[in-house]
Amino acid sequence: MRDFTYLRATDISEAVAALAARPNAQLLAGGTNLVDLMKYDVAHPDAVIDINSLPMKEIEVLEGGALRIGALATNSQVAYDPRVQSDLPLLSSAILAGASAQLRNAATTGGNLLQRTRCYYFYDPSTPCNKREPGSGCSAIGGVNRIHAILGASDACIATHPSDMCVALAALDTTVEVVGPDGTRDIPFLDFHRLPGDHPERDNTLRSGEIVTAIRVAGGHFRRHQSYLKLRDRLSYAFALVSVAAALDLDDGRIIDARVALGGVAHKPWRDPLAEAELAGQPATREVFEGFATRLLAQARGQGENDFKIPMAHRAIVRALTQAATGRSQIQAEKRIR
């Protein structure tokens, strides 16, 4: 056990000040990721700042119908909230596809955004990993890389982002609210997470001392035509090999607006708004969806053991869009099978 200082923040300004004053400090909310990282000797914070008493647990409806979800709202709280289930069923479905009921009861919204990769080498301090120790190398390149990235990877890192919730948020109109030493600011969700580039140790665009306080998600014209599809090695308690959040706005069988985000394939939830825009005005048919999947995966590259992810992702995109178009989500499909 490594020594660390434990602090309990009583308000947001105190938490920001404590975090800014200790560059190697970590925030503690649900602890479902941080505690594991400390046990595996991957994270070595010199201070742990407990923020569980801060007023960031509420879910509220804003003017215009958007939902504001506090960073300390648990995954279970969000997934089962009647307003989320009614207006943002894609988000509810994605959360319920992740982890176990016990973990969802503890894990928080902010923590979900900030969770680290589950790359085998990242969790093994005996191996080189640029995310743990910049400049040491990436053991996954040329190593065991079945679960790794096929899009947006770099020569420094091929890890993937593990979240299900974030894939749904990437497909919706989401904004991340943060507060730091310089005040508050909003970050568009698609700009929140980073691709690895030359600095894979940086997962997101938070500045030093900043804390996620809430997310805002626009209420949706996607409630009728949406589906979250997660493909994994087992049906429960497993991270995605490939996941797809698909949402469509249709008029008489033609696409008005389309959103497709992928999980399990990149260092961040993957979206291509330009490719989505090409779907506007087209019929919601399998042929159209096949062409879209081909465009979305045009730059996909395997690493050997994960080559199978490319055709798997193609089929998953088509399947998720077909389910969304017919108004039948993956959850409904699974219930029908059972």
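Data block above holds the structure.
Note that the coordinates shown come from a computational prediction; the quantities given were computed from them, not determined experimentally. Every chain is numbered independently, its residues counted from 1 as its sequence is written. Owing to the predicted nature of the model, reporting of local features is limited to residues with pLDDT of at least 70; listing and counting of side-chain atom pairs is limited to 80 or more, with chain, interface and lining totals taken over all residues. Side-chain measures here rest on the full set of heavy atoms in the structure, leaving out hydrogens and waters.

Caption draft 1: Focus on the packing of aromatic side chains. Stacked, tilted and edge-to-face pairs are distinguished by plane angle, under 30 degrees for stacked and over 60 for edge-to-face with tilted covering the rest, among Phe, Tyr and Trp rings (Trp via its six-membered ring) whose centres lie within 6.5 Å. Inspection of every chain in the model, using the stated rule, returns 2 aromatic pairs. Both rings, one in Tyr40 and one in Tyr123, keep their centres 5.3 Å apart while their planes meet at 85°; by these two values the pair is edge-to-face. Here the residue Tyr40 occupies a position in the loop between helix H2 (34-39) and strand S3 (47-50), and Tyr123 occupies one in the loop between helix H7 (109-114) and helix H8 (165-171), the gap between them amounting to 83 residues. Under the scheme applied here, a residue whose accessible area is under 20% of the maximum for its type counts as buried, over 50% as exposed, and between as partly exposed, the area being computed with a 1.4 Å probe on protein chains only. Overall, the relative accessible area of 15% leaves Tyr123 in the buried class. Ring plane angle 80° and centroid distance 5.8 Å describe the contact between Phe122 and Tyr123, whose orientation is recorded as edge-to-face. You can call Phe122 buried: its relative accessible area is 1%. Secondary structure elements follow DSSP: runs of H or I no shorter than four residues count as helices, runs of E no shorter than two count as strands, and numbering proceeds from the N terminus.

Caption draft 2: Spatial organisation of the sheet that holds strand S7 (residues 183-188). The pairing criterion is simple: DSSP has to find at least two bridges between the two strands. Pairing within the open sheet is antiparallel, and its 5 strands lie in the order S4-S5-S8-S6-S7. Both edges of this open sheet fall to strand S4 (59-61) and S7, since each of them pairs with a single strand only. Within this sheet the neighbouring strands show an average axis-to-axis angle of 20°, counted without direction. Both S4 and strand S5 (residues 67-70) contribute to a ladder of 3 bridges, which runs antiparallel. Each residue of the ladder has a partner; that of Glu60, found in S5, is Arg68. What counts as an axis is a line fitted to C-alpha atoms, over the stretch in contact for a helix, and the angles between N-to-C directions run from 0 to 180 degrees.

Caption draft 3: Up close: unusual backbone geometry. Phi is positive for Ala99, which is not a glycine, with a value near 55°. Assessed through its relative accessible area of 35%, Ala99 is described here as partly exposed. At Tyr237, a position not held by glycine, the phi torsion is positive, near 50°. Relative to the elements of secondary structure, Tyr237 occurs in the loop between strand S9 (226-231) and strand S10 (242-251).

Caption draft 4: Layout of the packing of helix H10 (residues 286-296) against helix H11 (residues 309-326). Contact geometry for H10 and H11: axes closest at 9 Å, N-to-C directions at 140°. Taken together, the axes of H10 and H11 lie oblique to each other. Here H10 runs over H11; the crossing is right-handed. For the pair H10 and H11, contact is made by Arg286, Phe289, Glu290, Phe292, Ala293, Thr294 and Leu296 and by His314, Ile317, Val318, Leu321, Thr322 and Ala325, respectively. With respect to orientation, any angle under 35 degrees is reported as roughly parallel, any angle over 145 as roughly antiparallel, any angle of 65 to 115 as roughly perpendicular, and every other angle as oblique. Left-handed describes a crossing whose near helix is turned anticlockwise from the far helix by less than a right angle; the clockwise case is right-handed. The contact criterion used is simple: two residues touch if any of their non-hydrogen atoms lie within 4.5 Å.

Caption draft 5: Just helix H1 (residues 12-21), in detail. Along H1, the residues that are buried comprise Ala15, Val16, Ala18 and Leu19. Here the buried residues of H1 occupy an arc of 165° about the axis, which is enough to place them on one side. Across from the buried face of H1, at angles greater than 90 degrees, the exposed residues are Ser13 and Ala21. Here the buried face of H1 lies against strand S1 (5-8), strand S2 (25-28), S3, strand S6 (174-180) and strand S8 (211-217). In this description, the arc belongs to the directions extending from the helix axis to the C-beta atoms.

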